[in-house]
Amino acid sequence: GIFRSFSGTVVFDENNLVINSLPIRFVGHFSFLKDGYDIDFRTNAKETDLHNIFTALPPEIADRLARTNIKGYAEIDASLIGKYIAATHQMPTLAFNMKVREGFISNPNAPEPISNLFLNLKTKLPGLNTDSLTINMDSLFFNIGKDYVASITKVKGFKTPEIYTDTRSDIDLEKWAK
């Protein structure tokens, strides 16, 4: 990767990393302030295979997926942006977004594969404050054979969350449990 430093700031330019099979682009800066830090980190994986995202998960999760066939198109991006000032409890904002198209997941232990997986997910944690957490899953759809699940879910807050969901499904719960 490429980084440079000047006057209390470290700048990361066009850093292209690979975590297992997942190609990640990382850019940003980290500045030292007299009373804290100014942070702007952005990372994304564009137009990657859905399987690549699963290879970047912690080994205990990834190992369980060793016999799982995962296909599809995916994009993820994440950021940590803002100032950290301890004296005023100011914290940066964390965001994570994910898109999946034409996802397919099969496992020998499952009666049928998940197919036609479609996901739009946006999450935001302003000021790293869990009470300000927002999750916006404006689209989730998948099939298991002829069964389907279609859902929109929005969550605001963590301790006492406000939850909106509109979910339609026609699914055999015994099959889903397997």
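As the structure is a prediction and not an experimental result, all values here were calculated from the model.

1. What to know about the packing of aromatic side chains
The geometry of an aromatic ring pair comes down to the distance between the two centres and the angle between the two planes.
Consideration 1: Summed over the entire model, instances satisfying the criterion amount to seven aromatic pairs.
Consideration 2: Relative to Phe-32, the ring of Phe-30 lies with its centre 5.1 Å away and its plane at 80 degrees, an arrangement referred to as edge-to-face.
Consideration 3: According to the relative accessible area criterion, Phe-30 is partly exposed, its value standing at 21%.
Consideration 4: An aromatic cluster of at least three residues, connected via ring pairs, comprises Phe-26, Phe-30, Phe-32, Tyr-37, Phe-41 and Tyr-84.
Consideration 5: Above the face of the Phe-104 ring, Lys-71 is positioned so that its terminal group lies 5.5 Å from the ring centre.

2. As for the side chain of Ser-115
Consideration 1: By the secondary structure assignment, Ser-115 is in strand β7 (residues 114–125).
Consideration 2: Ser-115 gets classed as buried once you look at its relative accessible area, which sits at 19%.
Consideration 3: Those residues in contact with Ser-115 that sit more than four places away from it in its chain are Gly-103, Phe-104, Phe-142 and Asn-143.

3. Some remarks on the pairing of strand β2 (residues 9–19)
Consideration 1: Sheet topology places β2 next to strand β3 (residues 22–33); nine bridges connect them, and they run antiparallel. Across the sheet, residue Ile-19 finds its bridge partner in β3, namely Leu-22.
Consideration 2: Following β2, the chain reverses through two residues before pairing antiparallel with β3; Asn-20 in that reversal takes a positive phi of roughly 55 degrees.

4. Comments concerning the nonpolar core
Consideration 1: One finds Leu-50, Met-98, Leu-117, Leu-119 and Phe-142 to be the most contacted residues of the largest nonpolar core, which totals 19 residues.
Consideration 2: The residues touching Phe-142, leaving out its near neighbours within four places in the chain, are Ile-114, Ser-115, Asn-116, Leu-117, Asp-147, Tyr-148, Val-149, Ile-171 and Trp-176.

5. A word on the environment of Glu-102
Consideration 1: Tracing the backbone through its elements, the reader meets Glu-102 in strand β6 (residues 93–106).
Consideration 2: For Glu-102, a relative accessible area of 71% puts it in the exposed group.
Consideration 3: Remark: the alpha-carbon pair of Glu-102 and Gly-72, spanning 30 residues in sequence, is separated by 5.0 Å.
Consideration 4: Beyond its immediate chain neighbours, meaning those up to four positions away, Glu-102 contacts Lys-71, Gly-72 and Leu-117.

6. Here we look at unusual backbone geometry
In terms of backbone geometry, most residues other than glycine have negative phi values and most peptide bonds are trans.
Consideration 1: With phi around 50 degrees, Glu-102 is a residue other than glycine that occupies positive phi space.
Consideration 2: Phi is positive for Asn-116, close to 55 degrees, though the residue is something other than glycine.
Consideration 3: Note on Asn-116: relative accessible area 45%, which makes it partly exposed.

7. Points about the side chain of Ser-31
Consideration 1: One can find Ser-31 in strand β3.
Consideration 2: Classification of Ser-31 by relative accessible area gives buried; the value is 10%.
Consideration 3: Those residues within four positions of Ser-31 in sequence are excluded, and the remaining contacts are Gly-8, Thr-9, Gly-36, Tyr-37 and Asp-38.

About the cut-offs
- Residues numbered from 1 in each chain as written.
- Predicted model: local features only at pLDDT ≥ 70, side-chain atom pairs only at ≥ 80, totals over all residues.
- Heavy atoms only, no water.
- Phe/Tyr/Trp six-rings, centres within 6.5 Å; stacked < 30°, edge-to-face > 60°.
- Buried < 20%, exposed > 50% of the residue type's maximum accessible area, 1.4 Å probe, protein only.
- Lys NZ or Arg CZ within 6 Å of the ring centre and 35° of its normal.
- Helix = DSSP H or I, 4+ residues; strand = E, 2+ residues; numbered from the N terminus.
- Contact = heavy atoms within 4.5 Å.
- Pairing = 2+ DSSP bridges.
- Core = buried A, V, L, I, M, F, W, Y, C linked by side-chain atoms within 4.5 Å.

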